[in-house]
Amino acid sequence: MPPRGNRKKKGGRSSAEQSDTDLIDDTASNVSSNSDLRSLPGDEGFPPPDAVDDSEAQEDFEEKLRDQIDGTTQKSANGRKPCLAGLRQAFSLKVLPDFIEDRKVTITDCVERCLKKGKGEEQALAASVGSLLCVQLGSSEGCEEIYNSLKPILITIMNDKSAAAGARAACAQALGLVCFIAAGDMEEVITIMSSLEKIFCAAYLKGDGTSPS
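The model shown is predicted, which means the values in this text are computed figures rather than measured ones. (Residues numbered from 1 in each chain as written. Predicted model: local features only at pLDDT ≥ 70, side-chain atom pairs only at ≥ 80, totals over all residues. Heavy atoms only, no water.)

Further remarks concern the overall build of the protein. A tally of helices and strands in the protein yields nine helices and zero strands. The secondary structure elements of the protein, listed N-terminal to C-terminal, are α-α-α-α-α-α-α-α-α. (Helix = DSSP H or I, 4+ residues; strand = E, 2+ residues; numbered from the N terminus.)

And the structure:
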């Protein structure tokens, strides 16, 4: 992302320009806050990483994880959001390739539903879970399938100027990360980079070197 100077507010600024600028600011915030996944608070019921080594603690950890996966199917958005936050934390605390491999289709379906049905915070959480799901699986065939399933939804939300800036930012971040892990060829990478550029070009400096209004 190109460097940005101090923004100057102008009264004639359109709502679309404001929306894109909010997205850019929110993306920068998301990248900063997610730069150290180990710093996530342990308020979702999961033990810290050094407490899940023995088999009993591991079983307890996986049981809580199964409960969180089931919880994302609730009708209430207020019930789904804590479960998504719990999955995000769990996938950040520990690598669980075998556990996730057996449930990747179910988790992907949960993420898709939350992206489509949810708004704002729920969409942002779902996008984060989707990207961490691919991080857990690595560059496998299964990961590419997840990428192909989530890509059109992420792009739609990212380009939707009526969506919350936080959700758009999270979808842009997830799209870039999952493409990096799972894209099958360079042509696909270039296509996604072009899609992201259309969003972030709103932050490019003007010809005279000043920041966009």
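The next point concerns the packing of helix H3 (residues 77-93) against helix H6 (residues 121-137). With their axes 9 Å apart at the nearest point, H3 and H6 run at an angle of 30° to one another. Comparing the axis directions of H3 and H6 gives the class roughly parallel. Seen along the crossing, H3 lies across H6 with a hand that is left-handed. Here Ala77, Arg80, Lys81, Leu84, Ala85, Leu87, Arg88, Phe91 and Ser92 of H3 come into contact with H6, specifically with Glu121, Glu122, Leu125, Ala126, Ser128, Val129, Leu132, Leu133 and Gln136. (Axes fitted to C-alpha atoms, helices over the stretch in contact; angles between N-to-C directions. Parallel < 35°, antiparallel > 145°, perpendicular 65-115°, else oblique. Left-handed = near helix turned anticlockwise from the far one by under 90°. Contact = heavy atoms within 4.5 Å.)

Enumeration over the complete set of coordinates arrives at zero aromatic pairs. Geometry around Phe99 places Arg103 over its ring, the cationic atom sitting 3.9 Å from the centre. (Phe/Tyr/Trp six-rings, centres within 6.5 Å; stacked < 30°, edge-to-face > 60°. Lys NZ or Arg CZ within 6 Å of the ring centre and 35° of its normal.)

A separate point is a nonpolar patch on the surface. Nonpolar side chains collect at one region of the surface, where Val135, Leu177 and Phe180 lie side by side and expose about 310 Å² of accessible area between them. Positionally, Val135 belongs in helix H6. (Patch = residues over 30% accessible without salt bridge, like charges linked within 9 Å, V, L, I, M, F, W, Y side chains within 5 Å. Areas by Shrake-Rupley, 256 points an atom, 1.4 Å probe, with all protein chains shown as cover. Salt bridge = Lys/Arg side-chain N within 4 Å of Asp/Glu carboxyl O.)

Turning next to helix H8 (residues 165-182). The end-to-end C-alpha distance of H8 is 25 Å, a good match for the 26 Å that 18 residues give at a rise of 1.5 Å each. All of the buried residues in H8 are Ala167, Arg168, Ala169, Ala170, Cys171, Ala172, Ala174, Leu175, Val178, Cys179, Ile181 and Ala182. (Expected span 1.5 Å × (residues − 1). Buried < 20%, exposed > 50% of the residue type's maximum accessible area, 1.4 Å probe, protein only.)

Here we take up the environment of Cys171. With respect to the helices, strands and loops of the structure, Cys171 is situated in helix H8. Sequence separation between Cys171 and Asn159 is twelve residues, and the spatial gap between their C-alpha atoms is 9.5 Å. Not counting the four nearest positions on each side in its chain, Cys171 is found in contact with Leu115, Ala127, Leu154, Ile157 and Met158.

The next subject is the nonpolar core. Among the nonpolar cores identified, the biggest contains 49 residues, and Phe91, Ile100, Ile107, Leu115 and Leu154 are the most heavily contacted of them. Sorting the residues of this core by element identifies helix H2 (55-71), H3, helix H4 (97-101), helix H5 (104-117), H6, helix H7 (141-159), H8 and helix H9 (186-200) as the ones contributing at least two each. Looking at this core, the element that brings in the most residues is H8, giving ten residues. Excluding residues within four positions of it along the chain, Ile107 makes contact with Ile69, Phe91, Ile100, Val129 and Leu133. (Core = buried A, V, L, I, M, F, W, Y, C linked by side-chain atoms within 4.5 Å.)

An ideal rise of 1.5 Å per residue puts 27 Å on 19 residues; H7 measures up with 27 Å between its terminal C-alpha atoms. The largest bend along H7 reaches roughly 35° and is located at Leu150, with the proline Pro152 sitting one to four residues downstream. The complete set of buried residues in H7 reads Gly142, Cys143, Ile146, Tyr147, Leu150, Ile153, Leu154, Ile157 and Met158. (Bend = angle between axes of the 7 residues up to and from the residue.)

Bringing the environment of Arg88 into the picture now. Structurally, Arg88 is set in helix H3. Residues Arg88 and Ser128, spaced 40 residues apart in sequence, show a C-alpha to C-alpha distance of 6.7 Å.

Before going further, it helps to spend a moment on the packing of H7 against H9. Direction vectors running N to C along H7 and H9 enclose 20°, while the axes themselves pass 11 Å from each other. For the element pair H7 / H9, the angle class is roughly parallel. H7 and H9 meet at a crossing whose hand is left-handed. Contact residues: Tyr147, Lys151, Ile155, Met158 and Asn159 in H7; Glu188, Ile192, Ser195, Leu196 and Ile199 in H9. Of the residues belonging to the contact of H7 with H9, the class tally is six nonpolar, two polar and two charged. (Nonpolar A, V, L, I, M, F, W, Y, C, P; charged D, E, K, R; others polar.)

The next subject is the confidence of the model for the protein. Taken as a whole, the protein shows an average pLDDT of 79; of its residues, 73% reach a score of 70 or greater. This model gives residues 1-11 a pLDDT under 50, and the stretch forms 21 contacts once residues within four places in sequence are excluded. Here residues 31-43 is a poorly scored stretch, pLDDT under 50, and it has eleven contacts once near neighbours within four places are set aside; other chains count. (pLDDT = per-residue confidence, 0-100.)

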